[in-house]
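# Results of the structural survey
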Amino acid sequence: MKKLSFTKLAKEKYEGLTGSQQTFVDQGLDQLKQGKSLTNRLENKDLNLTIICENSDKEVLITDIKYSPYRQSDNYEAAQKRMNDWNN
């Protein structure tokens, strides 16, 4: 199994993911650690999310995680408003 490491930027972006985004990233990281994926990019078009990495024989370096910040989207704000309306 390969060692997994993050750049500072990638670690900060990982910590800012929503639950479904983090689930996809975790699954992708497992594939990379086990050597099942030899690509330098893993994409999920439904979540508009891309993991960018560098592979070597013993290590996978996650250099960036590109995504649309869902919590800043209009859909998220509308969902939060509906949820608050239902609870009040």
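Going by the structure above, here's the rest.
Here's what I pulled together on the structure shown here. (Residues numbered from 1 in each chain as written. Predicted model: local features only at pLDDT ≥ 70, side-chain atom pairs only at ≥ 80, totals over all residues. Heavy atoms only, no water.)

What follows concerns the overall build of the protein. The helix and strand tally for the protein stands at three helices and four strands. Going from N to C terminus, the protein has its helices and strands arranged as β-α-α-β-β-β-α. For 88 residues, the compact-globule formula gives about 12 Å, and the C-alpha radius of gyration of the protein, at 16 Å, lies well above that figure. The dimensions of the protein, computed from C-alpha atoms along their principal axes, are 55 × 25 × 20 Å. Per-residue burial for the protein yields a buried fraction of 28% across its 88 residues. (Helix = DSSP H or I, 4+ residues; strand = E, 2+ residues; numbered from the N terminus. Rg over C-alpha atoms; globule rule 2.2 N^0.38 Å. Buried < 20%, exposed > 50% of the residue type's maximum accessible area, 1.4 Å probe, protein only.)

Turning next to the sheet that holds strand E1 (residues 3-6). Read across the open sheet, the four strands follow the order E1-E4-E3-E2; overall the sheet is mixed. Looking at the sheet topology across the chains shown, the edges are occupied by E1 and strand E2 (41-44). Here the average twist between neighbouring strands, direction ignored, is 25°. Across four bridges, E1 lies against strand E4 (residues 59-67) in parallel orientation. What sits directly across from Phe 6, in E4, is Ile 62. On top of the sheet, helix H1 (residues 8-15) reaches E1 and E4; it is set at about 55° to E4, its chief contact. Contacts between helix H2 (residues 19-33) and the sheet are confined to E1, E2, strand E3 (49-55) and E4, with E3 contributing the most and set at about 25° to the helix. (Pairing = 2+ DSSP bridges. Axes fitted to C-alpha atoms, helices over the stretch in contact; angles between N-to-C directions. Contact = heavy atoms within 4.5 Å.)

Any pair of aromatic rings gets described here by the distance separating the centres and the angle formed by the planes. Under the counting rule described, the total for this entry stands at one aromatic pair. Between Phe 6 and Tyr 14, the ring centres sit 5.6 Å apart and the planes meet at 45°, which makes this aromatic pair tilted. A relative accessible area of 25% means that Phe 6 is categorised as partly exposed. Cation over ring: Lys 11 sits above Phe 6, and NZ or CZ is 5.1 Å from the ring centre. (Phe/Tyr/Trp six-rings, centres within 6.5 Å; stacked < 30°, edge-to-face > 60°. Lys NZ or Arg CZ within 6 Å of the ring centre and 35° of its normal.)

To continue, consider the pattern of salt bridges. By the definition in use, this model includes three salt bridges. Here Lys 13 and Asp 64 are joined by a salt bridge, their closest N and O atoms 2.9 Å apart. One end of the pair, Lys 13, is in helix H1; the other, Asp 64, is in strand E4, with 51 residues separating them in the sequence. Residue classification places Lys 13 among the partly exposed residues on the basis of a relative accessible area of 23%. (Salt bridge = Lys/Arg side-chain N within 4 Å of Asp/Glu carboxyl O.)

Take H2 next. With 15 residues, H2 extends 21 Å between its outermost C-alpha atoms, agreeing within 8% with the 21 Å of an ideal straight helix rising 1.5 Å per residue. Here H2 has its buried residues at Gln 21, Phe 24, Val 25, Gly 28, Leu 29 and Leu 32. Looking straight down H2, one finds that the buried residues subtend no more than 135° of arc, so they occupy a single side. Considering only its buried residues, H2 is in contact with E1, H1, E2, E3 and E4. Phi turns positive, to about 75°, at Gly 35, one or two residues after H2. (Expected span 1.5 Å × (residues − 1). Arc of directions from axis to C-beta.)

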